[in-house]
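Spelled out from the first residue to the last, the chains are:
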Amino acid sequence: MSTIKAKAFQHPSATSNNITFNSDGTHTVNAAYPTTSKNLIINGAMNVWQRSANATGVNTSGYHSADRWAHGTDDLLGGPLGTWTQSRSTDVPSAQGFGYSLKMDCTTADASPAADDFLLFQQRIEGQNLQHLLKGTSSAKKVTLSFWVKSNKTGTYIIELYDVDNQRQISKSYTIDSASTWEKKEIIFDGDTNATDVFDNDNNWSLGVNWWLGSGSTYSSGTLNTTWNNNTVANRAVGGVNLGDSTSNEWYITGIQLEVGEQATGFEFEPFEAILTKCQRYYEKSYEYDTALGTVTFNGAYYDEVGGTNYPRIQAHYGVRKRTRVPNTMTIYNPNTGTAGQMYIWDNGTNRNYSLGNTRYTFNSVSTEGQNNAFNLNNRAWGAIHYAADFEI
Amino acid sequence: MIFTNAKYETDLFTGENDKIIVEIDGVITFVSISEDNWVYKKIKKQVEAGELTIADEE
């Protein structure tokens, strides 16, 4: 073994060092892009599944299974494109370090989508996490999306970045070449230099990363738009397959990374608790991680001393304070029965299950009371609730 | 998401309708009234399409 002694490495055309070696044995890297927290996607390796690891009958838009991943379909205009089971699969690309993939399994086919039908697999990103992309400036940066995908249905698929703030979008196509074989895809998107079309610097949805899995003519009758432009609906998903055309179809995905630059670097693996914490900004429940909502259990439930004549009250503070918005939805469960819309009271030895009365919640707490049930303030009593709160964007 | 039995709920402090109580796929759920809320926006679309009615608080 020998030691190379040098003070720095520098590209011949560069005016400053790429890597500088310090006399104390450390070094400094002049990184063009972040080397940690580089992945703009949360839960890209499908580690966290707070809602369900096996969601059946999925045919409406929303969040059904893996955290942060939305199922997008037309709830009103044309109807859903197929019905699906979304599940946590251990079918993963070999020797890449991923433990799970998300599997989309078609259970009701739609071989002839109506014009307005569509099917998306999607993640939504807050604008405040995208400011370093410099979108809407002459210095707008390229981004690279990489992911592993597998399907029995080969052919052309469409992937899209959608700017919600300015209603602009860019689409690219990729192909699944070999049936039922894991393939890694790397797709580079230009930066959007169109002046003033910046992402809002706030905590709302600014960018949608959309995997199109099928669409009707409304979204596919034009010419695929492969550069940033104002949205023309007909140009969003041209030439893509319809994954929903057969109940034999299934589609797996994992290892999703969106990063600044025009090179797909190695996937950024994070500890489970770090990913869970990120996900809990968007969804949180009191039940234990692997326990389904509505399960009869007191594990994880919030307890409170009960007060108030006739109107027993319970207040719970969430364990995490990472949000600046009230929940989109709040569901309260009775730990004693598993019933939603109920609270539990231990009333001096008697189990009471009360329907909920007045309920208030903020970004970090919920207070609720049982409806008038002649509760006696003088009794020894305590109550308990479970909750699930959705903060998705 | 299938919405049924929707009704407004008034906040005790402010006296304003700040949320909707609705069954989502049969589960009683509170939905915050906010234009930033993706669930509320879905409810609003269904109301505008005449597919859902939100009752006043009893």
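Residues numbered from 1 in each chain as written. Chains lettered and ligands numbered in written order. Predicted model: local features only at pLDDT ≥ 70, side-chain atom pairs only at ≥ 80, totals over all residues. Heavy atoms only, no water.

Draft legend 1. Representation of the overall build of chain A in the model. Counting secondary structure elements, chain A contains two helices and 24 strands. By its C-alpha atoms, chain A is 85 × 65 × 45 Å across when sized along the principal axes. In chain A, which comprises 393 residues, the share counted as buried stands at 51%. For chain A, long-range pairs separated by at least 24 residues make up 71% of all intrachain contacts whose partners lie at least 6 apart in sequence. (Helix = DSSP H or I, 4+ residues; strand = E, 2+ residues; numbered from the N terminus. Buried < 20%, exposed > 50% of the residue type's maximum accessible area, 1.4 Å probe, protein only. Contact = heavy atoms within 4.5 Å.)

Draft legend 2. Inspection of the overall build of chain B at higher detail. The helix and strand tally for chain B stands at one helix and four strands. Put simply, chain B runs from its N terminus to its C terminus through helices and strands in the order β-β-β-α-β. Computed over its C-alpha atoms, the radius of gyration of chain B comes to 11 Å, within 12% of the 10 Å expected for a compact globule of 58 residues. Projected onto its principal axes, the C-alpha positions of chain B cover 30 × 25 × 20 Å. Relative to its 58 residues, chain B shows a buried fraction of 40%. (Rg over C-alpha atoms; globule rule 2.2 N^0.38 Å.)

Draft legend 3. Expanded view of the confidence of the model for chain B. Here chain B averages 91 in pLDDT, while 100% of its residues score no lower than 70. Scored as a complex, the prediction yields pTM 0.91 and ipTM 0.95. (pLDDT = per-residue confidence, 0-100.)

Draft legend 4. Molecular detail of the environment of G62 of chain A. Summarising the element assignment, G62 of chain A is placed in strand 5 (residues 62–63). Judged by relative accessible area, G62 of chain A falls into the buried class, the value being 6%. Residues G62 of chain A and Q122 of chain A, 60 residues apart in the sequence, show an inter-C-alpha distance of 9.7 Å. Look past the residues within four positions of G62 of chain A in its chain and what remains in contact with it is W69, A70 and H71 of chain A together with W38 of chain B.

Draft legend 5. Representation of the interface of chain A and chain B. In this complex, chain A contributes 28 residues to the contact, which on the side of chain B involves 23 residues. Both faces combined, the contact of chain A with chain B buries some 1900 Å², and carbon together with sulfur accounts for 54% of it. Linking chain A with chain B are one salt bridge, by the criterion used here. The closest approach of N and O atoms between D11 of chain B and R360 of chain A, which form a salt bridge, is 2.7 Å. The interface formed by chain A and chain B contains eleven residue pairs in polar contact (both at pLDDT 80 or more). Of all the elements in the fold, those that place two or more residues in the side of chain A that touches chain B are strand 5, strand 20 (329–333) and strand 22 (350–361) of chain A. (Buried area = accessible area lost by both parts, 1.4 Å probe. Salt bridge = Lys/Arg side-chain N within 4 Å of Asp/Glu carboxyl O. Polar contact = N/O pair within 3.5 Å; in protein donor to acceptor, adjacent residues only side chain to side chain.)

Draft legend 6. Local environment of the sheet that holds strand 2 (residues 19–21) of chain A. All names here are of chain A. Across the sheet, which stays open at both edges, the three strands sit in the order 1-2-3 with antiparallel pairing between neighbours. In the strand order of this sheet, the two ends are held by strand 1 (8–9) and strand 3 (27–29), each with one partner. Sheet analysis places strand 1 next to strand 2, joined by two bridges and oriented antiparallel. Paired with F9 across the strands is I19, a residue of strand 2. (Pairing = 2+ DSSP bridges.)

Draft legend 7. Broad picture of helix 1 (residues 38–48) of chain B. All names here are of chain B. Every buried residue of helix 1 is accounted for by W38, V39, Y40, K42, I43 and Q46. Two or three places before V39, at the start of helix 1, stands the capping residue N37, its side-chain oxygen 2.8 Å from that residue's backbone nitrogen. At the C-terminal side of helix 1, G50 shows a positive phi close to 75 degrees.

Draft legend 8. Spatial organisation of helix 2 (residues 272–279) of chain A. Residues and elements named next belong to chain A. Residues of helix 2 that are buried include every one of I275, L276 and C279, and no others. Down the axis of helix 2, the sector holding all buried residues measures 100 degrees, keeping them to one side. Looking at the buried residues of helix 2, the elements they touch are strand 17 (283–285). (Arc of directions from axis to C-beta.)

Draft legend 9. Broad picture of the sheet that holds strand 4 (residues 54–58) of chain A. Residues and elements named next belong to chain A. What the six strands build is an open sheet, ordered 4-7-8-16-10-13; its pairing is antiparallel. At either end of the open sheet lies a strand with only one pairing partner, and these are strand 4 and strand 13 (183–189). Averaged over all neighbouring strand pairs, the angle between strand axes comes to 25 degrees, with direction disregarded. (Axes fitted to C-alpha atoms, helices over the stretch in contact; angles between N-to-C directions.)

Draft legend 10. How the structure looks around the pairing of strand 19 (residues 313–317) of chain A. All names here are of chain A. Burial along strand 19 is one-sided: I314 and A316 are buried, while R313, Q315 and H317, pointing the other way, are not. Of the strand pairs in this sheet, strand 19 and strand 23 (residues 365–370) are connected by five bridges, and their pairing is antiparallel. Pairing of I314 across the sheet is with T368, part of strand 23.

Draft legend 11. Spotlight on the side chain of D110 of chain A. As for its position among the elements, D110 of chain A is in the loop between strand 8 (101–108) and strand 9 (118–126). Sequence-distant contacts of D110 of chain A, defined by excluding residues within four places in its chain, comprise P80, L81, G82, D117, N242, G244 and D245 of chain A.

Draft legend 12. Spotlight on the nonpolar core. F121, Y174, W211, W251 and I256 of chain A are the most contacted members of the largest nonpolar core, which has 43 residues in total. With five residues, strand 16 (residues 250–260) of chain A is the single largest residue contributor to this core. Those residues in contact with F121 of chain A, other than ones at most four positions away along the chain, are M46, W69, A70, L102, V209, N210, W211, L213, W251, I253 and I256 of chain A. Of all hydrophobic cores here, the second largest spans 18 residues; its members include V306, I332 and Y361 of chain A together with I21 of chain B. (Core = buried A, V, L, I, M, F, W, Y, C linked by side-chain atoms within 4.5 Å.)

Draft legend 13. Structural context of the pairing of strand 3 (residues 27–32) of chain B. As paired strands, strand 20 of chain A and strand 3 of chain B are joined by two bridges and run antiparallel to one another. Paired with M330 of chain A across the strands is F30 of chain B, a residue of strand 3 of chain B.

Draft legend 14. Geometry of unusual backbone geometry. Even without a glycine there, the phi angle at N348 of chain A is positive, about 50 degrees. Phi is positive for N5 of chain B, close to 50 degrees, though the residue is something other than glycine. The topology assignment puts N5 of chain B in strand 1 (residues 3–10). Residue class for N5 of chain B comes out exposed when judged on its relative accessible area of 57%.

Draft legend 15. Region of interest: the packing of aromatic side chains. All names here are of chain A. For the coordinates displayed, the defined rule picks out 25 aromatic pairs over all chains. Taken together, the ring pairs connect W69, F121, F147, Y157, Y174, W211 and W251 into an aromatic cluster. Sitting over the face of the ring of Y282, R68 holds its NZ or CZ atom 3.6 Å from the ring centroid. Seen from the ring of Y282, R281 lies directly overhead, with NZ or CZ sitting 6.0 Å from the centre. (Phe/Tyr/Trp six-rings, centres within 6.5 Å; stacked < 30°, edge-to-face > 60°. Lys NZ or Arg CZ within 6 Å of the ring centre and 35° of its normal.)

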